[in-house]
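Single-letter residue listing:
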Amino acid sequence: MTEETPTKVDMEKIVSLCRRRGFVFPSSEIYGGLSSCWDYGPLGVELKRNIKEAWWRAVVQERDDMVGLDASILMHPQTWAASGHLEGFADALVECKNCHLRWKADDLAGNSCPSCGGELTEPRLFNLMFKTFMGPVEEEANVVYLRPETAQGIFVNFQNVLNTTRKRLPFGIAQIGKAFRNEITTGNFIFRSREFEQMEIEFFVKPGTDGEWFNYWLEERLNWYVKLGIKKENLRLREHAKGELAHYARACYDIDYLFPMGWSELEGIANRGDFDLVQHAKSSGKSLDYFDDDTKEHFIPYVIEPSAGVDRPLLAFLCDAYDEEPDKDEIRVLLHLHPTLAPIKVAVLPLSRRENLVKVAKEIYADLRQHWMVSYDDAQSVGRRYRRQDEIGTPFCVTVDFQSLEDNQVTIRDRDSMNQIRVPIAALRNTLQAKLSGEELFVLPPGGMIWKGGNE
Ligand code: GAP
């Protein structure tokens, strides 16, 4: 992180919006919460699902050189000896001899406890993996670990995927799933937690071609964030210095985002060489070779790993989308979320609760919800309802008014510009589909018009 901080949004506003509108709650809140664990509420779960679906679509569905996997969280303990996590996945901690608080040695400038000023012990290594026991007997032989990264599930399945899919190099395996780390320093809301989700790719290539594939994935992944609406100036690539590289990495870049607390990692892209496959082959005694049909050579592939979290990108999408505008005597809070990510795509708003109006509005609602997450809101003035939708990033509101009963038309109101068009109900679904895919608001279907009679 650096001293450079954006002025646009502070973290308190994001945390407050997330609580207020049901994006994210502290875990087990009625018991006082559980440190660094978070629960995603009704809107948060939709946003998270949309992020994961957009990633899966980009890296699996739309490519012919990638397949998916869903490995179990608990893995054979030998996995973690082979991968180096048992030995290397540790932080150096110091303990205060007075108040017994523990601190990450790297985070401290001086030699005294930041809390009470007491004397500190020499640094000791602390492994970040959570341990548990398999079966009823709690003894050392039954220890298993909650995976600290999803990546190892991919490496141990390399031959299974190769044999069952007949994929040839270069190809990748993608996985989304939970990971757990007993982090010493947590905080900044969902940025660093102890239970989180990852979206990881292990892309297997012929040694010697790893440099070009590394550059390819840097660009590909950076563009993914930009396509989904993150401003370019809030993203950067940062190369890891030699001393900073993880034990398995030959080279690594972070994609950093300018969060409210400064530049911080969203995703890491590493060249892992053949480290993992060699280690697992040695440790398991199973061959993890690849046979090249063209050159008739056996070799162990190199791996390029674009490894993203889900929670950090979610926080970045929220921070980047957050906006406030003067609105008469109040402030309009809005999220300019990309339509692909918006938790609710369309809100249906009947102008009143009169029976004949409600009937039409409910029919529209029933039709649209077969295609997207749609909300129905008939409480308070339509202006207030628009504001509620703006605050959660709903791209379009459909208003059903008394004229709708006569002309079979409704208005579509755009979140960002607040402009409105009026379209025949029969053309509504296709029009919304086009707008959600990026068509300009004022491109009208037959019978549609630009609407001047808005209610804001
Ligand atoms: N397999 C490589 C690997 O796990 P990492 O840089 O340790 O690399 C990858 O993690 C991504 O996982 C990070 O860029 C971040 O988005 C996410 N991540 C890691 N630790 C996290 C934590 N404690 N809380 C939330 N997200 C985390």
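We now turn to the structure provided with this report.

So, how was this worked out
- Residues numbered from 1 in each chain as written.
- Predicted model: local features only at pLDDT ≥ 70, side-chain atom pairs only at ≥ 80, totals over all residues.
- Heavy atoms only, no water.
- Pairing = 2+ DSSP bridges.
- Helix = DSSP H or I, 4+ residues; strand = E, 2+ residues; numbered from the N terminus.
- Core = buried A, V, L, I, M, F, W, Y, C linked by side-chain atoms within 4.5 Å.
- Buried < 20%, exposed > 50% of the residue type's maximum accessible area, 1.4 Å probe, protein only.
- Contact = heavy atoms within 4.5 Å.
- Near = heavy atom within 4 Å.
- Polar contact = N/O pair within 3.5 Å; in protein donor to acceptor, adjacent residues only side chain to side chain.
- Areas by Shrake-Rupley, 256 points an atom, 1.4 Å probe, with all protein chains shown as cover.
- Salt bridge = Lys/Arg side-chain N within 4 Å of Asp/Glu carboxyl O.
- Patch = residues over 30% accessible without salt bridge, like charges linked within 9 Å, V, L, I, M, F, W, Y side chains within 5 Å.
- Axes fitted to C-alpha atoms, helices over the stretch in contact; angles between N-to-C directions.
- Lys, Arg positive; Asp, Glu negative; His and termini not counted.

Quick notes on the pairing of strand β18 (residues 330-335)
Thought 1: The pairing of strand β17 (residues 322-327) with β18 spans 6 bridges and is antiparallel. Within the sheet, the bridge partner assigned to Asp327 lies in β18 and is Glu330.

Notes on the nonpolar core
Thought 1: Judged by nonpolar contacts, the single largest core of 59 residues is most densely connected at Ile14, Phe23, Trp224, Tyr225, Leu315 and Phe317.
Thought 2: Not counting chain neighbours up to four residues away, the residues in contact with Phe317 comprise Ile51, Trp224, Tyr225, Leu228, Ile230, Leu337 and Leu341.
Thought 3: If you look at the next biggest cluster of nonpolar residues, it comprises 23 residues, including Val346, Leu357, Tyr376 and Val423.

Some remarks on the site of the ligand
Thought 1: Around the ligand there are 21 residues in total, and Glu149, Arg181, Glu183, Glu200 and Glu265 lie nearest to it.
Thought 2: Within the side chain of Arg272, an N or O atom sits 3.5 Å from a nitrogen atom of the ligand.
Thought 3: With respect to the ligand, the side chain of Glu305 contributes an N or O atom lying 2.9 Å from a nitrogen atom.
Thought 4: Relative to its free-state accessible area of 550 Å², the ligand is covered by the protein chains to the extent of 92%.

Comments concerning the pattern of salt bridges
Thought 1: Scanning the entire structure with this criterion turns up 39 salt bridges.
Thought 2: For the salt bridge of Glu297 with Lys206, the shortest nitrogen-to-oxygen distance reads 3.6 Å. Note that Glu297 is positioned in strand β15 (residues 297-299) and Lys206 in the loop between β10 (195-205) and α7 (210-227), a separation of 91 residues in sequence.
Thought 3: On the accessibility criterion, Lys206 (29% relative accessible area) is partly exposed.
Thought 4: The shortest N-O distance in the salt bridge between Arg422 and Asp407 comes to 3.3 Å. Of this pair, Arg422 sits in strand β23 (residues 420-424) while Asp407 sits in helix α12 (residues 402-407), placing them 15 residues apart in sequence.
Thought 5: Exposure remark for Arg422: the relative accessible area of 0% places this residue in the buried category.

Some words on a nonpolar patch on the surface
Thought 1: Side chains of Phe442, Leu444, Met449 and Ile450 sit close together on the surface and give an oily, nonpolar patch of about 310 Å² of accessible area.
Thought 2: Along the chain, Phe442 turns up in the loop between α13 (428-436) and β24 (449-450).
Thought 3: Of the residues examined, Phe442 reaches a relative accessible area of 39% and is grouped as partly exposed.

A few points about the sheet that holds strand β6 (residues 124-127)
Thought 1: If you trace the 3 strands from one edge of the open sheet to the other, you get β5-β4-β6, paired in antiparallel fashion. Among the strands making up the open sheet, the edge pair consists of β5 (102-104) and β6. Each neighbouring strand pair of the sheet contributes to a mean axis angle of 50°, computed without reference to strand direction.
Thought 2: Bridge count between strand β4 (residues 90-95) and β6: 4 bridges; the pairing is antiparallel. Considered in β6, the bridge of Ala90 is made with Asn127.

Observations regarding unusual backbone geometry
Thought 1: With an omega of -10°, the peptide bond running from Leu169 to Pro170 counts as cis.
Thought 2: Inspection of the secondary structure puts Pro170 in the loop between α6 (158-165) and β9 (171-180).
Thought 3: A positive phi angle, close to 60°, is found at Ser36, a residue other than glycine.
Thought 4: Among the structural elements, Ser36 can be located in the loop between β1 (24-26) and β2 (38-40).
Thought 5: Take Ser36: its relative accessible area is 11%, and that puts it in the buried class.
Thought 6: Of note in the backbone geometry, Met418 takes a positive phi value of approximately 65° without being a glycine.

What about the side chain of Glu183?
Thought 1: Position of Glu183 among the secondary structure elements: in the loop between β9 and β10.
Thought 2: No salt bridge is formed by the buried Glu183; the nearest opposite charge belongs to Arg192, separated by 4.1 Å.
Thought 3: If we ignore the near neighbours within four places in the chain, the residues touching Glu183 are Leu128, Arg192, Ser193 and Arg194.

Let's talk about the pairing of strand β16 (residues 302-309)
Remark: a regular strand shows side chains that alternate across the two faces of the sheet.
Thought 1: Of all the 8 residues making up β16, 8 are buried; the element is thus mostly covered by neighbouring parts of the structure.
Thought 2: The alternating pattern of β16 places Tyr302, Ile304, Pro306 and Ala308 and Val303, Glu305, Ser307 and Gly309 on opposite faces, both of which are buried.
Thought 3: Note: β10 against β16, 6 bridges, orientation antiparallel. In the strand pairing of β16, Val205 is matched with Tyr302.
Thought 4: Where strand β13 (residues 262-273) lies against β16, 6 bridges are found, and the strand directions are antiparallel. By the bridge assignment for β16, Gly268 is matched with Ser307.

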